[in-house]
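Examination of the molecular architecture
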Amino acid sequence: MKTAVQNAGQHSMKTTVLWLLVMVVLWGLSWPATKMALNDVPPLWLAAIRFGSAGACLFLFVAVKKELKLPAKSDMPVILSIGIFQMVVFTGLGMIAMQYTDTSHAVLLAYTTPLWGILSSWLLLRHTPSFIQIIALLTGLVGIGLICSPLEMNWSAPGAVMGCAFLITGAISWSLVIIHVKHHKWTATPLSLAPWQMLIATIPLIFFASLLDGPVEAIHFSSGLLWLLFFIGPVATSVCFVISSEHGRRISVFAMSSFTLGVPLIGALASVVFLGTSLSGLFMTGLALVFAGVSMTAFSAGKTRPHS
């Protein structure tokens, strides 16, 4: 009996690891897919279509699971936090920035979020960082400095500096959401609240897109573009959110953080394969430093906040 239980547990863990690897690959591939879609769709409309289509899929999925209901008042702060600061600010600014930066730079700067999380916790919650967290922050900041420096980027190019600033601002915004999520006392499950978060994000994105990007009727929806939009929204957003919610909770914080480290790596490599992006030696050095900093941050999270 014990052997059967152990085998079932090992099979379940292998299934979890396999699904999380699928999630990381899909998230990584979504960055070059987004870059390609931006050739035909303005950034804010692309963000609105992404969360609108993904939200519709999640509403259907949660309804089939018989978990669809109006969110409790106690969950509204976290719905607004994720919907506005993560989805609207992080994604909206990120898509605008990708018009002026290549995909490899964009995905790496976007995933510096754990580094800003250390700084945000320190400044806002007076959580004094450990020695390893301070080293992680300094290491990551040096890497960010190299990637954003005039030695690596052409600062005279239109929007180059603004693009980096938008990506870093988005990453900081996401770090604030992570802090809020960690301290929120959930009434409903994160998965059952996800479609409401995406609805909250889609409404202001449509408003700002109409205001700044022009009418949606101006977009030419070719078959190739529709496939890209399907991948970016229903697949890379809604499917990955389900995987993260269903399988991410089965592993430790450290393990989950380690998995997500693969997203910027896959995003950068995919940009080379699909977009012909070239990675300079200076970028690779910055990548290594940011990766080291985020890895140390994940390690410190695993040491200090074990997953129950």
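Preceding this paragraph is the structure being described.
From a predicted model like this one, the values you see are computed outputs, not experimental measurements. (Residues numbered from 1 in each chain as written. Predicted model: local features only at pLDDT ≥ 70, side-chain atom pairs only at ≥ 80, totals over all residues. Heavy atoms only, no water.)

1. A short note on the side chain of His105
By the secondary structure assignment, His105 is in helix H4 (residues 103–110). Polar contacts involving the side chain of His105 include one to the side chain of Glu152, which spans 2.8 Å. Setting aside residues no more than four positions away along its own chain, His105 makes contact with Ile147, Glu152, Met153 and Phe283. (Helix = DSSP H or I, 4+ residues; strand = E, 2+ residues; numbered from the N terminus. Polar contact = N/O pair within 3.5 Å; in protein donor to acceptor, adjacent residues only side chain to side chain. Contact = heavy atoms within 4.5 Å.)

2. Focus: the pattern of salt bridges
Enumeration over the complete set of coordinates arrives at 2 salt bridges. Close ionic contact of Glu67 with Lys65 constitutes a salt bridge, the shortest N to O distance being 3.8 Å. Judged by relative accessible area, which is 30%, Glu67 ranks as partly exposed. Between Lys65 and Glu246 there is a salt bridge whose closest N-O contact spans 3.4 Å. In this pair, Lys65 is assigned in the loop between helix H2 (43–64) and helix H3 (76–97) and Glu246 in helix H9 (residues 223–247), connecting sequence segments 181 residues apart. Lys65 gets classed as partly exposed once you look at its relative accessible area, which sits at 32%. Looking at Glu246, the relative accessible area reads 21%, which means it is partly exposed. Beyond isolated ion pairs, a larger network of salt bridges with shared partners links Lys65, Glu67 and Glu246. (Salt bridge = Lys/Arg side-chain N within 4 Å of Asp/Glu carboxyl O. Buried < 20%, exposed > 50% of the residue type's maximum accessible area, 1.4 Å probe, protein only.)

3. Some remarks on the environment of Thr285
Within the secondary structure, Thr285 sits in helix H12 (residues 281–304). Classification of Thr285 by relative accessible area gives partly exposed; the value is 40%. For the pair Thr285 and Ser12, spaced 273 residues apart in sequence, the C-alpha to C-alpha distance is 38 Å. Polar contacts involving the side chain of Thr285 include one to the main-chain carbonyl oxygen of Gly281, which spans 2.9 Å.

4. Looking at the packing of aromatic side chains
Counted by the stated rule, this structure contains 6 aromatic pairs. An angle of 65° between the planes, with centres 6.3 Å apart, marks the rings of Trp31 and Tyr111 as edge-to-face. Of the two residues, Trp31 is situated in helix H1 (residues 2–37) and Tyr111 in the loop between H4 and helix H5 (113–125); the sequence distance between them amounts to 80 residues. Overall, Trp31 belongs to the buried group, its relative accessible area being 12%. (Phe/Tyr/Trp six-rings, centres within 6.5 Å; stacked < 30°, edge-to-face > 60°.)

5. Considerations on a nonpolar patch on the surface
Judged by side-chain polarity, Trp122, Leu123, Leu124, Leu125, Ile172 and Leu176 come together as a nonpolar surface patch covering roughly 530 Å² of accessible area. At the level of elements, H5 and helix H7 (160–183) are the ones that each hand at least two residues to the nonpolar patch. Looking at which element gives the most residues to the nonpolar patch, the answer is H5, with 4 residues. By the element assignment, Leu124 lies in helix H5. The exposure class assigned to Leu124 is exposed, which follows from its relative accessible area of 58%. (Patch = residues over 30% accessible without salt bridge, like charges linked within 9 Å, V, L, I, M, F, W, Y side chains within 5 Å. Areas by Shrake-Rupley, 256 points an atom, 1.4 Å probe, with all protein chains shown as cover.)

6. Regarding the nonpolar core
One finds Met23, Trp31, Leu46, Ile144 and Leu205 to be the most contacted residues of the largest nonpolar core, which totals 77 residues. Ranked by residues supplied to this core, first place goes to H9 with 10 residues. For Ile144, the residues in contact, after removing those within four places along its chain, are Leu109, Thr112, Leu115, Trp116, Ile168 and Val290. (Core = buried A, V, L, I, M, F, W, Y, C linked by side-chain atoms within 4.5 Å.)

7. Some thoughts on unusual backbone geometry
As a rule of thumb, non-glycine residues mostly have phi less than zero, and peptide bonds are mostly trans rather than cis. The backbone phi angle of Lys66 is positive, close to 60°, even though this residue is not glycine. Within the secondary structure, Lys66 sits in the loop between H2 and H3. Overall, Lys66 belongs to the exposed group, its relative accessible area being 77%. With a phi close to 60°, Arg126 is a non-glycine residue in the positive phi region. Position of Arg126 among the secondary structure elements: in the loop between H5 and helix H6 (131–148). By relative accessible area, Arg126 is classed as exposed at 63%.

8. Thoughts on the packing of H2 against helix H8 (residues 190–212)
Orientation of H2 relative to H8, taken along the N-to-C sense of each, is 155°, at an axis distance of 8 Å. The angle between the axes of H2 and H8 places the two elements in the roughly antiparallel class. At the point where H2 passes H8, the crossing takes the left-handed sense. Of the residues in the contact of H2 with H8, the class split is 22 nonpolar, 5 polar and no charged. (Axes fitted to C-alpha atoms, helices over the stretch in contact; angles between N-to-C directions. Parallel < 35°, antiparallel > 145°, perpendicular 65-115°, else oblique. Left-handed = near helix turned anticlockwise from the far one by under 90°. Nonpolar A, V, L, I, M, F, W, Y, C, P; charged D, E, K, R; others polar.)

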